[in-house]
Amino acid sequence: MTGPQASAQETDIIKARRVLGRRNLVFVGLMGAGKSAIGRLVAQMLEIPFVDSDHEIERVSRMTIPELFESYGEPEFRALEARVIRRLLRTGPRVLSTGGGAFMNDAIRATVLSNGLSVWLKADLDVLWTRVNKRGSRPLLKTANPGQTLSDLLDLRYPVYEKADVTVQSRDAAKETIAAETVAAIASLDGGQETVPNP
Ligand SMILES: Nc1ncnc2c1ncn2[C@@H]1O[C@H](COP(=O)(O)OP(=O)(O)O)[C@@H](O)[C@H]1O
Ligand SMILES: O=C(O)C1=C[C@@H](OP(=O)(O)O)[C@@H](O)[C@H](O)C1
Ligand SMILES: [Mg+2]
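Going along each chain's sequence as written, the residues are numbered from 1 onward. For this description, chains carry letters from A and ligands carry numbers from 1, given in the order in which they are written. Given that this is a predicted model, residues contribute local features only at a pLDDT of at least 70 and side-chain atom pairs are listed and counted only at 80 or more, while totals for whole chains, interfaces and linings are drawn from all residues. Hydrogens and waters are ignored; side-chain quantities use all the structure's heavy atoms.

- The chain goes by Shikimate kinase in an unreviewed UniProt entry, where it is assigned to Hoeflea ulvae.
- For the record of the chain, the UniProt heading Pathway (unreviewed entry) holds the text "Metabolic intermediate biosynthesis; chorismate biosynthesis; chorismate from D-erythrose 4-phosphate and phosphoenolpyruvate: step 5/7."
- Word for word, the UniProt comment on the chain under Function (unreviewed entry) is "Catalyzes the specific phosphorylation of the 3-hydroxyl group of shikimic acid using ATP as a cosubstrate." UniProt positions are given in the numbering used here, feature names are shortened, and annotations may be inferred rather than shown by experiment.

Concerning the UniProt feature "binding site: ATP" (unreviewed entry) in the chain
And then number 1: UniProt tags G32, A33, G34, K35, S36, A37 and R138 as "binding site: ATP" (unreviewed entry).
And then number 2: Among the secondary structure elements, K35 is positioned in helix α2 (residues 35-46).
And then number 3: By relative accessible area, which is 7% here, K35 ends up buried.
And then number 4: Pairs of residues are marked as contacts when any of their non-hydrogen atoms sit within 4.5 Å. With sequence-adjacent residues up to four places away left out, K35 is seen in contact with F27, V28, G29, L30, S97, T98, G99, G100 and L121.
And then number 5: Here a polar contact is taken to be a pair of N or O atoms separated by no more than 3.5 Å, where protein atoms must pair a possible hydrogen donor with a possible acceptor and residues adjacent in sequence count only if both atoms sit in side chains. Of the polar contacts made by the side chain of K35, one reaches the backbone oxygen of G29; its length is 3.0 Å.
And then number 6: As for its placement among the helices and strands, A37 is situated in helix α2. A helix here means a DSSP run of H or I that spans at least four residues, while a strand means a run of E at least two residues long, and both kinds are numbered starting from the N terminus. We call a residue buried when its accessible area falls under 20% of the maximum for its residue type, exposed when it is over 50%, and partly exposed in between, using a 1.4 Å probe and counting protein chains only.

Dropping the structure here:
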């Protein structure tokens, strides 16, 4: 990208970094919204480290998410998820993409809302369904009617995701476009650079 569009994006990046300061940028939203994919791109744009809580859970447990659900059940997965996210939130700035259930945990949500900057990647059911339908990597969707399960999760969770600081519409557009819109949404929170008065 060159020209005015590139320089507008550069300005957004500078502003977004200023808004974030030392806080973590935390992506929340339903499965398939693009938290992992867009989070990685936004981290690249802001030139800060990226971490995905599900990948971190898989690293420390040396098991995949479906294996964890199968061997220990959802409550154990949630306990591990809470411990991992609490640890990851201790240092920043970085981009943290969470799993879709993490922000539903009251303690995690309270920590994210007080210490981080949260972005809800919001998507319509058909977009989510097209994306998650292709893979068998989401244990919560191993039900008799996974489309209905996803729809039920949407009804349950959207009123909670709504508490995030920023909402970005995730849709059928290039990932780079959604990432740039996320950076622009964060930049729009910038109140301008503080001026230091002359002595
Ligand atoms: N804007 C997009 N356009 C096309 N595919 C996307 C977009 N965002 C995400 N995806 C794809 O959708 C799938 C789910 O994305 P992912 O980042 O894993 O979502 P989440 O972490 O929120 O569950 C992945 O295969 C990803 O590459
Ligand atoms: O919505 C959820 O409760 C979950 C979402 C998944 O992550 P993604 O949202 O990244 O798919 C993963 O943490 C686990 O399968 C549970
Ligand atoms: Mg993910």
